[in-house]
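Each chain, written out:
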Amino acid sequence: MDDRNDPGSENSTAAAGSNAGTSSTRTRIGLDVGTSKVVTARGDSTRSDTGTQLNAFFAVPYSSLHESTLQSNRVPFYREGEELVVYGSASEKFAHMFNAEVRRPMARGVLNPSEPAATHVLETLLSTLVPVARSPGEVLAFSVPAASTETGHALTYHEETLKRYVRERGYTPLAVNEGLAVVLAELAKESFTGIGISCGGGMCNVAVSYLSIPSLTFSLAQGGDFIDSAVGEVVREPATRVKAIKEESLDLTRPGGDKIDKALHIYYDKLIESLVEELIRAVTRSQRLPRSDQPLPIVLAGGTARPNGFRERFEKALRRRTLPFQVADVRLASDPLSATARGALVAALAER
Amino acid sequence: MTAAHEAASSAEQYRRESEPCSRELRAELARITDDIDDPVIKLRYLRSAIERGGATHIEHVPCGPVRRVLYRLHGLKSLDAVAGDKIGAKSLVARTRARRIVAAGVAGSLLFVPMLLVGLAVQREPVAPTIAPAAPAAPLAVAPADPQPPVEPLPESLPADALGVVPGTIWLADRGPGWELYSNGLRIETTYKVRGEQREYRVHHRDGTLEPDTYSKPAGILFHTSESDLWPLEPDFARQLRRGTVGLLHYLQKEQSYNYLIDRFGRVYRIVDDESRANHAGHSVWARNDDVYLDLNSAFLGVSFESRWDGGRSLPITRAQLIAGRNLTHYLRQRFAIAPEMCVTHGLTSISPRQGLIGYHRDWARGFPFEAFGLPDLYAVPPPSVALFGFGHDDEFLHAIGERWPGLVAAEQALTDEARQRAVPVEAIRRERQALYRDWLMVEERG
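Keep in mind that what you see is a predicted model, and the values were worked out from it rather than measured.

Caption draft 1: Region of interest: the overall build of chain B. On a plain count of helices and strands, chain B comes out with 13 helices and 13 strands. Expressed as a percentage of its 447 residues, the buried residues of chain B come to 35%. Taking as baseline every contact in chain B between residues at least 6 positions apart, the subset at least 24 positions apart corresponds to 69%.

Right, dumping it as structure tokens:
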């Protein structure tokens with residue numbers, strides 16, 4: 001870690017630093033640790049600054065040429081033995097230059113158990129977004145997925161690792177369910193009553209909240225990565241290319257164009273159908289939810305929910321079924337990418 | 001619970017599944033938080049109100065209204081947790097009032113318990129107008145209870161109902177103490193009637209001139225929802241339903257909020273008499289042909305349905321209310337020769353002059369059954385607040401109503417077209433028009 005070269009983090013922390021300088025109150029941070037991206041939110045209840053890093057890295061053999069190339073391009077990296085590890089948002093852009101493959105510290109919402117460098121890279125990446133606390137008692141609220149059969153004990157390890165790291169940075173950690181964080185960010189006017197759904201890279205997280213109390217939470221171990229890899233397999237293209245196309249040009253309101261576009265439509269529909277089915281199943285099974293109550297709004301957030309037409313397809317899939325609850329409306333978060341972090345910030349700010 | 005346990009529990013609060021609190025407590029807390037804009041303070045308050053002790057035992061109280069009052073007090077007491085924060089004036093006032101009520105209640109119970117018990121023992125339900133003892137009926141087909149001008153010709157004929165014989169004109173068919181019965185089946189309960197301030201208003205013309213005459217006859221009807229507490233429409237809640245309406249009537253009578261209230265069973269109550277203005281419209285604008293009305297409290301009769309408007313996604317009134325509302329509308333239109341396009345909803349007329357926005361009040365901003373009332377669909381008409389005075393709308397409003405009604409789309413399109421023609425930003429046009437509204441209002445107030 002001593003060899004860390006971190007010019008790339010300046011952009012991310014500039015807003016937060018200036019904000020900290022003007023605020024006389026204690027720092028509060030909301031942190032969304034997603035499989036695909038790590039997002040922070042800082043500020044107050046009226047305005048928040050967000051910082052983002054791609055939750056990815058790649059390693060190349062050490063050479064002075066590589067090192068100077070990275071330095072001259074101001075790419076964040078550190079030296080680990082005989083390797084240079086490039087991490088964060090620049091990793092995707094520079095991986096092909098070094099003929100390297102991007103790796104992920106996390107998979108399916110938790111630390112990737114098959115990635116030995118996962119913890120180290122994630123902590124390094126977080127350090128670019130989370131400054132050391134200035135005084136004791138500062139609160140950092142971070143998102144955690146709901147438990148599922150897929151995550152199992154890995155979730156406990158993931159959460160405890162994050163808590164330990166947050167404490168090391170001088171903060172009091174506060175874990176917030178990812179779906180609930182979406183509710184906290186977007187449903188203040190509804191007194192935090194409604195359904196928050198965060199569709200991320202590794203999984204979809206859902207929380208049914210009544211007055212900010214999570215009465216039902218669950219996760220579906222499918223997300224943007226599932227779509228990328230499934231499409232990649234059927235069209236014989238690398239998942240990274242599929243991901244790039246998905247993020248740049250996918251429009252679900254139009255009929256699919258080329259074969260990648262068509263396959264994306266198919267797997268988006270599959271994800272949406274699975275999500276709606278699981279939501280209905282979970283609500284039906286739950287003993288906690290009131291059977292007859294007011295219609296609940298549904299908020300969709302996360303990078304996977306961003307493509308144009310996602311909300312409409314989700315709503316259609318919902319309306320096609322007989323639901324065990326009434327839906328007021330289905331809406332997309334004001335900023336789907338930062339909603340979870342902003343919700344975590346609201347929770348952090350509410351702590352005395 | 002140890003401190004360590006408490007800390008652990010607190011740390012888990014945003015991820016551990018818990019049962020939601022009772023429906024009644026949720027309703028009370030949601031109502032109190034309506035007045036808290038800041039999401040952080042709102043969250044802090046809700047957490048405090050839900051987690052603090054004292055609410056769990058309330059659910060065992062057998063009497064619904066008492067339970068609700070206790071929940072309300074619990075909720076208001078929990079405002080102490082955010083006392084240092086900026087919370088709405090309404091909540092502060094409510095909290096202060098609640099404290100006074102509690103203090104007065106304690107003092108009262110100490111001093112007057114015996115009297116109170118005796119009083120309760122002999123207390124009877126307020127005499128409902130429907131079970132009022134029969135009194136000698138007034139002669140049939142006489143003039144209504146209140147003096148009224150002769151019926152003027154209608155601007156158009158009333159639509160005939162699909163079934164049954166409908167009298168060609170509506171007259172007072174019978175009357176008794178506290179009620180009037182009209183020939184179209186409309187029965188008006190008058191026990192809560194009060195006289196208010198004399199109805200007086202002036203009319204602007206679209207060219208900016210202000211008519212010199214002052215009018216006192218209502219020119220229109222403004223439909224509202226009471227936004228009051230609603231009990232389920234089920235036999236088990238008959239008592240609460242009845243008491244809820246009585247409480248609402250007393251409040252409306254005190255505040256002189258509407259001219260008429262239609263309860264959920266379709267009973268029509270006259271609250272502020274027809275000759276007096278009620279405080280129902282706030283800042284509102286409506287127009288017909290060349291006439292523009294800015295003081296709708298005076299120019300319009302306020303008719304409210306005991307209900308909560310839910311965004312217009314479903315009809316929030318009962319069948320009985322719809323029938324009674326239609327009969328009342330027919331009667332008022334005939335009595336005051338009100339044009340159909342002057343029967344409009346509060347949500348279509350309400351504005352916030354300070355913010356330059358429409359929809360300050362949103363009741364019936366969408367979903368009023370104009371057709372069932374034999375009225376033209378005024379959602380298709382460009383609202384004068386936008387077309388004439390350039391008021392805008394925000395995302396919150398759009399979110400509440402779901403989508404813009406066709407008249408609003410047309411009015412905003414016209415503003416955009418004008419801006420394009422004049423090669424100025426549409427915002428400049430809006431500012432110009434809103435300044436016009438302020439000028440007109442000032443002229444009217446001076447007059």
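Caption draft 2: Structural context of the overall build of chain A. A count of helices and strands for chain A gives 11 helices and 15 strands. Relative to its 352 residues, chain A shows a buried fraction of 52%. For chain A, the share of sequence-separated contacts (at least 6 apart) that also reach a separation of at least 24 residues comes to 71%.

Caption draft 3: Looking closely at the interface of chain A and chain B. Facing 27 residues of chain A, the contacting portion of chain B comprises 23 residues. Contributing elements (two or more residues each) for the side of chain A that touches chain B: strand E10 (172–177), helix H6 (178–186), strand E13 (213–220) and helix H11 (339–350) of chain A. Here the element with the most residues in the side of chain A that touches chain B is E13(A); it accounts for five residues. Its residues assigned to classes, the side of chain A that touches chain B comprises 18 nonpolar, six polar and three charged.

Caption draft 4: Seen up close, the confidence of the model for chain A. On average, residues of chain A score 85 in pLDDT, and 91% of them are at 70 or above. A low-confidence stretch, residues 6–24 of chain A (pLDDT under 50), is modelled with 30 contacts involving residues beyond four sequence positions or located in other chains.

Caption draft 5: Representation of H6(A). Of all the nine residues making up H6(A), nine are buried; the element is thus mostly covered by neighbouring parts of the structure. Turning to H6(A), its buried residues are A:Glu178, A:Gly179, A:Leu180, A:Ala181, A:Val182, A:Val183, A:Leu184, A:Ala185 and A:Glu186.

Caption draft 6: Up close: the confidence of the model for chain B. Residue and element names in this part refer to chain B. Residue-level pLDDT values for chain B average 81, and 77% of them are 70 or greater. Scored below 50 in pLDDT, residues 1–6 shows one contact in the model against residues more than four places distant or in partner chains. Confidence drops under pLDDT 50 across residues 116–160; counting only partners more than four residues distant or on other chains, this segment forms 46 contacts. Here the prediction assigns the complex a pTM of 0.56, and the interface score ipTM is 0.86.

Caption draft 7: Here's a closer look at the sheet that holds strand E8 (residues 286–288) of chain B. Residue and element names in this part refer to chain B. Taken in spatial order, the three strands of this open sheet run E4-E9-E8, and their pairing is antiparallel. In the strand order of this sheet, the two ends are held by strand E4 (204–205) and E8, each with one partner. Pairing between E4 and strand E9 (residues 291–293): two bridges, direction antiparallel. Paired with His205 across the bridge in E9 is Asp291.

Caption draft 8: Just the packing of helix H12 (residues 406–422) of chain B against helix H13 (residues 426–446) of chain B, in detail. Residues and elements named next belong to chain B. Here H12 crosses H13 at 110 degrees, and the two axes come no closer than 8 Å. As far as their axial angle goes, H13 and H12 are roughly perpendicular. For H12 against H13, the interelement crossing comes out right-handed. For the pair H12 and H13, the contacting residues are Leu415, Thr416, Glu418 and Ala419 in the first and Val426, Ile429 and Arg430 in the second. In terms of residue class, the contact of H12 with H13 is made up of four nonpolar, one polar and two charged.

Caption draft 9: Just the pairing of strand E1 (residues 172–176) of chain B, in detail. Where E1(B) lies against strand E2 (residues 179–182) of chain B, four bridges are found, and the strand directions are antiparallel. Within E2(B), the residue paired with B:Leu172 across the bridge is B:Tyr182.

Caption draft 10: Spotlight on the sheet that holds strand E3 (residues 187–189) of chain B. Residues and elements named next belong to chain B. Here eight strands make up an open sheet; going across it, the order is E1-E2-E3-E7-E6-E10-E5-E11 and the pairing mixed. Each edge of the sheet is formed by a strand with only one pairing partner; in this case those strands are E1 and strand E11 (343–345). With direction set aside, neighbouring strand axes in the sheet form an average angle of 25 degrees.

Caption draft 11: Summary view of the environment of B:Tyr331. Residue and element names in this part refer to chain B. Its place among the elements puts Tyr331 in helix H8 (residues 319–336). A tally of 23 C-beta atoms within 10 Å means that Tyr331 is categorised as buried. In this structure the C-alpha to C-alpha distance between Tyr331 and Tyr182, which are 149 residues apart in sequence, comes to 8.2 Å. Filtering out sequence-adjacent residues up to four positions away, Tyr331 remains in contact with Ile170, Tyr182, Asn184 and Leu186.

Caption draft 12: Expanded view of the environment of B:Ala278. All names here are of chain B. Mapped onto the elements, Ala278 comes out in the loop between strand E7 (268–270) and E8. Its 29 C-beta neighbours within 10 Å are what place Ala278 among the buried residues. Those residues in contact with Ala278, other than ones at most four positions away along the chain, are Gly196, Gln256, Ser257, Tyr258, Asn259, Val272, Asn297 and Gly302.

Caption draft 13: Looking closely at the packing of helix H7 (residues 224–235) of chain A against helix H8 (residues 239–249) of chain A. All names here are of chain A. Between H7 and H8, whose axes approach to 8 Å, the crossing angle comes to 115 degrees. As H7 packs across H8, the resulting crossing turns out to be right-handed. Where H7 abuts H8, its residues Ile227, Asp228, Ser229, Val231 and Gly232 lie against Ala239, Val242, Lys243 and Lys246. Within the contact of H7 with H8, the residues separate by chemical class into four nonpolar, two polar and three charged.

Caption draft 14: Just the nonpolar core, in detail. A:Ala141, A:Phe142 and A:Ala344 are the most contacted members of the largest nonpolar core, which has 120 residues in total. Top element by residues in this core is helix H9 (residues 259–285) of chain A. It accounts for 11 residues. In contact with A:Phe142, not counting residues within four places along its chain, are A:Leu31, A:Val33, A:Leu162, A:Val166, A:Pro173, A:Ala175, A:Val176 and A:Ala344. Among the nonpolar cores identified, the runner-up in size contains 65 residues, and B:Leu249, B:Met342, B:Leu348 and B:Ala411 belong to it.

Caption draft 15: View of the pairing of strand E4 (residues 57–61) of chain A. Residue and element names in this part refer to chain A. The buried fraction of E4 amounts to four of the five residues, a majority that puts the element mostly inside the structure. Taken together, the five bridges between E4 and strand E6 (residues 83–87) define a ladder with antiparallel strand orientation. Bridge assignment links Phe57 to a residue of E6, and that residue is Tyr87.

Caption draft 16: Spatial organisation of unusual backbone geometry. Phi at A:Ser212 is positive, roughly 80 degrees, even though this residue is not glycine. Among the secondary structure elements, A:Ser212 is positioned in the loop between strand E12 (204–210) and E13. A residue is classified by how many C-beta atoms lie within 10 Å of it, and A:Ser212, with 25 of them, is buried. Phi at B:Trp364 is positive, roughly 65 degrees, even though this residue is not glycine. Along the chain, the position of B:Trp364 falls in the loop between strand E13 (357–358) and helix H10 (384–387). For B:Trp364, a count of 28 C-beta atoms within 10 Å gives the class buried.

Caption draft 17: Layout of the environment of A:Arg108. Residue and element names in this part refer to chain A. Relative to the helices and strands, Arg108 resides in the loop between strand E7 (106–107) and strand E8 (110–111). On the neighbour-count criterion, Arg108 (23 C-beta atoms within 10 Å) is buried. C-alpha separation for the pair Arg108 and Leu220, spaced 112 residues apart in sequence, amounts to 9.2 Å.

Caption draft 18: Quick look at helix H10 (residues 310–319) of chain A. Residue and element names in this part refer to chain A. By the burial criterion, the buried members of H10 are Phe310, Arg311 and Phe314. Summarising the axial view, the buried residues of H10 lie within an arc of 95 degrees, below the 170-degree limit, and thus occupy one face. Packed against the buried residues of H10 are H9, strand E14 (296–301) and strand E15 (327–332).

Definitions and limits used
- Residues numbered from 1 in each chain as written.
- Chains lettered and ligands numbered in written order.
- Predicted model: local features only at pLDDT ≥ 70, side-chain atom pairs only at ≥ 80, totals over all residues.
- Helix = DSSP H or I, 4+ residues; strand = E, 2+ residues; numbered from the N terminus.
- Buried ≥ 20, exposed ≤ 12 C-beta atoms within 10 Å, placed from the backbone.
- Contact = placed C-beta atoms within 7 Å.
- Nonpolar A, V, L, I, M, F, W, Y, C, P; charged D, E, K, R; others polar.
- pLDDT = per-residue confidence, 0-100.
- Pairing = 2+ DSSP bridges.
- Axes fitted to C-alpha atoms, helices over the stretch in contact; angles between N-to-C directions.
- Parallel < 35°, antiparallel > 145°, perpendicular 65-115°, else oblique.
- Left-handed = near helix turned anticlockwise from the far one by under 90°.
- Core = buried A, V, L, I, M, F, W, Y, C linked by C-beta atoms within 7 Å.
- Arc of directions from axis to C-beta.

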